[in-house]
Amino acid sequence: MAFFTLPSTHGRVVAVLGGGVLGRRIACAWAANGYDVVIRDPSPEQRSAAVQYCDTSMSHFSDSTTRGTVQAVDDLAKAVEKAWLVIEAVPEKLELKISTFADLERLTANDAILCSNSSSYKSREMVTGLQGCTKRRVLNMHYYMPPKNRVVELMTDGDTEESIFPFLVKKLHEVGMHPYVARKESTGLIFNRLWAAVKREVLNILAEDISTPEEVERLWLEMWSGNSSGPVAMMDAVGLDTVSFIEQHYIAERGLPDVPIKFLQTFIDQGRLGAKSTKGGLLPPGPIAEEDESSIHLPQLYFLDIGLSTSNPADAFQAGRVMVGSPDGRPIKSLVTSQRIPDGIDVSLSTGKLFWTSMGVPSVNDGAVNCSNLDGTGVEEIVPRGLIHTPKQLTVDNENSKLYIGDREGLRVMRCNFDGSELETLIETGNWDDKEEMADQTRWCVGVTVSPATGKFYWTQKGPSKGSKGRIFRANIDFHDGENATNRTDVDLLLQNLPEPVDLDIDHIENVLYWTDRGELPLGNSINRVNLDAVKPVQGSATRWPGKDYELVCRNFHEAIGIKLDLKNHHIFATDLGGAVYRFDMDGGNRRKVYEGSGALAGITLAYA
């Protein structure tokens, strides 16, 4: 048998195959401690989100003064060509893992250590067709969910070179992980075997109707005080489809009863997959627990400081910033600076781009629309100054690759492609060259959102400051034949005599429209919502009232501006000009200030990390 030499790490990288929730956290653990990392994922959305997560999260993994780099590619050969360590975190499909390791045998250096993150498959099952010298450098390396849980379990494929284990244990300690080595092969690693027994018995209890998910959860938490989640919530967090898949593997190998997976299938068939599903799982849908935010479906928050609170008033019109943060309150990072009063922002993970508006000087026709990469590099002006007057809020239609923009003093709603081409006017409420019409604030179009599924878009015409003349309209995405922005007949007025509505977003699952209102209390400085299936167009001059025509969800902001819905975690995020980012449950409960004193904040959007 050929002698195996442990790899040198100098000038080489750690390759992580899979940029999903766990894969990007594995990558960040190594990069935060000085190792260069390459993530391989075929999805451009996953690649963009994975790099952005790592760039903004390293401080959660380590306080090291030496950081590594993180890049993401779609080509496997490029990802592993300089790798001393490869960690596959691809979906739990044995055929996919077998083909992946066959490719790695061909593409990696002879001393590269090849690891599977699988918790349910033995690595032996993945390497049956490989050469003996390759099998000696393959093993299971299963991470749980860093940075909150830093446990890593190592297990041989039956032929793994013994010297690899102390080598990796040392490296894992260096990057802040807590390694444990299984003494022999097993279907399921050490903790997985313990957890599998708990899951299985919980599912048996529920299948036999001995108790309910809520009761099991409460009992567990009382008996094991200090835990933030019990076994039911933990299964929901993992995903019931994944739990079922793992259980099927155990059942097939050990001949166990199939009651648990039959019980789970009733939930899966209803689309109740757990925390990743808006329908919930074993437990009803609801906000994720505060303590669990670091482990599941935590979004990145992108928001704008318009710059008017700068210490030097002379710089006010060019001190705006594009910033990124997180619901867990990690330090804010400025991605783009020196912006001309940025106001609306949205993100497209499919293109890896941020888009935002710059109002410019409101009295001058010099607004613009800009874009950049998710890390703030590659800033471009895609709608040049002069083509749009005073762009305010902006929303991305990913389905049709379009941007919708409210142009306030331009008295219109506009739309363009992601590169700024095919700029067109959808709504025109007046002629901005007419001074009297431009001064009429009831004509000002500010917030805009779009519902591709229903073929509608919505916008606000806010009216004068604190004037209670604000309105919300809707129209079709597509013009009727022969109609244009000035004569279209499909415009519906949904709400009127509102204090001062600004930004909008839609819960497309429930078909509910949410908006911010920066008008006077008691009805203004609020977040509100209306069921679009129930609301009817306004007839005459009737005022719409909260409690009767729509719902006032929460209030007491300092000039409420931006709003974005996190439908995965059932949260509302909002900003105000007082410099705060807020988070609420969908009904307005559990108010929390994520950030405060961060400038004068306008638009906000999110992307899932």
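Small disclaimer: the values here were computed from a predicted structure and weren't measured.

A. Up close: the sheet that holds strand S21 (residues 456-461). Strand order in the open sheet formed by four strands is S20-S21-S22-S23, and the pairing between neighbours is antiparallel. The sheet is open, and its two borders are formed by strand S20 (445-451) and strand S23 (492-498), each paired with just one other strand. Direction aside, neighbouring strands of the sheet carry axes that sit 15° apart on average. The sheet contact formed by S20 and S21 spans five bridges and is antiparallel. Among the inter-strand pairings, Val448 is bridged to a residue of S21, identified as Trp459.

B. Region of the structure containing unusual backbone geometry. With an omega of 5°, the peptide bond running from Pro146 to Pro147 counts as cis. Checked against the element boundaries, Pro147 lands in the loop between strand S6 (138-145) and strand S7 (149-156). Of note, the amide linkage connecting Leu521 to Pro522 takes the cis form, showing an omega dihedral of 15°. Positive phi is not limited to glycine here, since Asn511 has a value of about 55°. Note that Asn511 resides in the loop between strand S24 (501-507) and strand S25 (512-517).

C. Structural detail: the sheet that holds strand S1 (residues 13-17). One open sheet holds the eight strands; their spatial order is S3-S2-S1-S4-S5-S6-S7-S8, and the pairing between them is mixed. Lying at the two open borders of the sheet, with one neighbouring strand each, are strand S3 (70-73) and strand S8 (178-181). The mean angle between the axes of side-by-side strands here comes to 25°, regardless of whether they run parallel or antiparallel. Relative to S7, S6 runs antiparallel, the two sharing six bridges. Each bridged residue has a counterpart across the sheet, and for Met141 the counterpart in S7 is Leu154. Strands in contact with helix H2 (residues 44-61) are strand S2 (37-40), S3 and S7; relative to S3, the strand with the most contacts, it is inclined by about 160°.

D. Structural view of the packing of aromatic side chains. Within this structure, the stated rule accounts for 17 aromatic pairs. Centre to centre, the rings of Trp84 and Phe167 are 6.0 Å apart; their planes meet at 85°, and the pair counts as edge-to-face. Here the residue Trp84 occupies a position in strand S4 (residues 83-88), and Phe167 occupies one in helix H6 (residues 164-174), the gap between them amounting to 83 residues. Across the pair, Phe167 and Trp84 agree in class, each one buried. Ring centres 5.8 Å apart and planes at 40° place the aromatic pair Phe303 and Tyr595 in the tilted group. Highlighted residues: Phe303 in strand S9 (residues 299-305) and Tyr595 in strand S31 (residues 592-595), separated in sequence by 292 residues. Grouping aromatic residues by their ring pairs yields a cluster made of Trp30, Tyr35, Trp84 and Phe167.

E. How the structure looks around the environment of Asp478. Mapped onto the fold, Asp478 is located in the loop between strand S22 (470-476) and S23. What makes Asp478 exposed here is its relative accessible area of 56%. Separated by 23 residues in sequence, Asp478 and Gly455 place their C-alpha atoms 7.6 Å apart. With residues up to four places along the chain from it excluded, the contact list for Asp478 reads Arg488 and Asp490.

F. Examining the pattern of salt bridges more closely. All chains considered together, the criterion is met by 30 salt bridges. Glu161 serves as the salt-bridge partner of Arg136, at 2.4 Å between the closest nitrogen and oxygen. Of this pair, Arg136 sits in the loop between helix H5 (132-135) and S6 while Glu161 sits in the loop between S7 and H6; the two residues are 25 residues apart in sequence, bridging distant segments of the chain. Residue Glu161 is classed as buried on the basis of its relative accessible area, which comes to 17%. Residue Asp305 pairs with Arg321 through a salt bridge whose shortest N-O separation is 3.1 Å. Of this pair, Asp305 sits in strand S9 while Arg321 sits in strand S10 (residues 320-325), placing them 16 residues apart in sequence. Three or more residues joined by partner-sharing salt bridges are found here, namely Lys462, Lys466, Glu500, Arg518 and Glu559.

Quick notes on the rules
- Residues numbered from 1 in each chain as written.
- Predicted model: local features only at pLDDT ≥ 70, side-chain atom pairs only at ≥ 80, totals over all residues.
- Heavy atoms only, no water.
- Pairing = 2+ DSSP bridges.
- Helix = DSSP H or I, 4+ residues; strand = E, 2+ residues; numbered from the N terminus.
- Axes fitted to C-alpha atoms, helices over the stretch in contact; angles between N-to-C directions.
- Contact = heavy atoms within 4.5 Å.
- Phe/Tyr/Trp six-rings, centres within 6.5 Å; stacked < 30°, edge-to-face > 60°.
- Buried < 20%, exposed > 50% of the residue type's maximum accessible area, 1.4 Å probe, protein only.
- Salt bridge = Lys/Arg side-chain N within 4 Å of Asp/Glu carboxyl O.

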